[in-house]
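So the chains spell out like this:
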Amino acid sequence: MLDHVHIRLLAYHVVRLEPPFWRFPTRYSSFWRFYCNDANGAWIEHAGQRYALEQGRLYFIPAKVRFSTNLLQSVGHLFVHFDLLGLPYQVQQENFTSPISLPTRPVLEAAVYTLRTELEQQKLDLLLQLRIKAILYEALLLYLQNLTDEQVQRYLLQSEAIEPILPALQYIEAHLEDTLSNATLAQLCHMTPDYFIRCFRLSMGRTPVQYIQEQRVKQAEQQLLMTNQSIEQIAAANGFGNRYYFTRVFTRHIGVSPAAYRKGLCGV
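Residues numbered from 1 in each chain as written. Predicted model: local features only at pLDDT ≥ 70, side-chain atom pairs only at ≥ 80, totals over all residues. Heavy atoms only, no water.

**Side note on the nonpolar core**
Formally: To define a nonpolar core, start from buried Ala, Val, Leu, Ile, Met, Phe, Trp, Tyr and Cys residues and group those joined through side-chain atoms within 4.5 Å. Only protein chains enter the accessibility calculation, which uses a 1.4 Å probe; a residue is then buried when its area is under 20% of its type maximum, exposed when over 50%, and partly exposed in between. Under the scheme used here, helices are H or I runs from DSSP no shorter than 4 residues and strands are E runs no shorter than 2 residues, and both carry numbers assigned from the N terminus. We call two residues in contact whenever any of their non-hydrogen atoms come within 4.5 Å of each other.
Counting 32 residues, the largest nonpolar core has F34, F60, V80, F82, L102 and L136 as the members making the most contacts within it. Within the residue set of this core, elements represented by two or more residues are β1 (6-17), β2 (32-37), β7 (75-85), α2 (106-120) and α3 (126-144). The element contributing the most residues to this core is α3, with eight residues. Among all residues touching F82, those that are not within four sequence positions of it are I7, R8, L9, L10, F31, W32, R33, F34, F60 and L136.

See below:
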């Protein structure tokens, strides 16, 4: 069912935001964001709606949601960037299309408060990573509990639909720098290439070639924000022949060049 859905942590920290920092007109990422501030004064906007980041409240910004940020006064900003892997594309496309303000749950908010203290003390270890993942899973559960039975059933059916192509999805994730042919991926799923392409399009809403390119851009985006690798190195590590081809594809997907993206977006 949903046992292949899991969280991969990318970055987590507590930073002090001061005006005019954190005033960005448009932000857009391939990863999820989890926010909790220690004071009022910051907000995000999406599709003309303002979401005030209230003190102690918990928020998700799903992948591919465009938003802007603003800040009136100093706040302590806890953020976690993560991938939600294995969730069917249709589920994300249909149901995670705007920022999410989570219902109040004192126990969970207390756990985040403890996490903030540990991050401020720079306790970066395996136990801390497990605690962060536990908080994220609990927060996701808190959101999903508010869905209707009909929505949950639809999620389960969509999740079951990707089971036949799961070996290909896992192989793609681990081999983005390699040449990935439909024949190879079909063989992993014990299908003919033509049947594999039909199943993949039906399950994922795109062809294997389109999906692979999206995953390469997604990983490259994360590396631009979170590593010091050169653009040439990132292009090569994600299966792009050269920097110029990478720049053309990245710009088509994200809207700005890799160099502009790295310079213009702060990873918080």
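**Digging into the side chain of Q222**
Selection criterion: Contacts described as polar in this section are N or O atom pairs within 3.5 Å, which, within protein, must combine one atom able to donate a hydrogen with one able to accept it, while residues neighboring in sequence count only if both atoms come from side chains.
By the element assignment, Q222 lies in helix α8 (residues 208-226). Engagement of the side chain of Q222 in a polar contact is seen with the side chain of D83, the distance being 3.2 Å. Setting aside its immediate chain neighbours within four residues, Q222 contacts R8, L10, S30, F31, D83 and T227.

**Brief notes about a nonpolar patch on the surface**
Going by this rule: Residues qualify for a patch when their relative accessible area is over 30% and they have no salt bridge, like charges being joined within 9 Å and the nonpolar side chains of Val, Leu, Ile, Met, Phe, Trp and Tyr within 5 Å. To be clear on the numbers: accessible area is Shrake-Rupley with a 1.4 Å probe, and residue cover counts the displayed protein chains and nothing else. When a carboxyl oxygen of Asp or Glu lies within 4 Å of a side-chain nitrogen of Lys or Arg, that pair is called a salt bridge.
Where nonpolar side chains cluster on the molecular surface, the patch consists of L126, L127 and L130 and spans about 330 Å² of accessible area. Mapped onto the secondary structure, L127 falls in helix α3.

**A few points about the packing of α2 against α3**
How we decide: All axes are obtained by fitting lines to C-alpha atoms, using only the stretch in contact for helices, and the reported angles, taken between N-to-C directions, cover 0 to 180 degrees. Here roughly perpendicular refers to angles of 65 to 115 degrees, roughly parallel to angles under 35, roughly antiparallel to angles over 145, and oblique to all remaining angles. Crossing chirality is assigned from the near helix's rotation relative to the far helix, an anticlockwise turn below a right angle marking it left-handed and a clockwise turn marking it right-handed. Note on residue categories: nonpolar means Ala, Val, Leu, Ile, Met, Phe, Trp, Tyr, Cys or Pro, charged means Asp, Glu, Lys or Arg, and polar means any other residue, Gly included.
Close contact between α2 and α3 brings their axes to 11 Å; oriented N to C, the two are set at 150°. On the basis of the axis angle, α2 is roughly antiparallel to α3. Remark: the crossing between α2 and α3 carries left-handed chirality. Contacts between α2 and α3 involve L108, A111, V112, L115, E118 and L119 from the first element and L128, R131, I132, I135, E138, A139 and L142 from the second. Split into classes, the residues belonging to the contact of α2 with α3 amount to 10 nonpolar, no polar and three charged.

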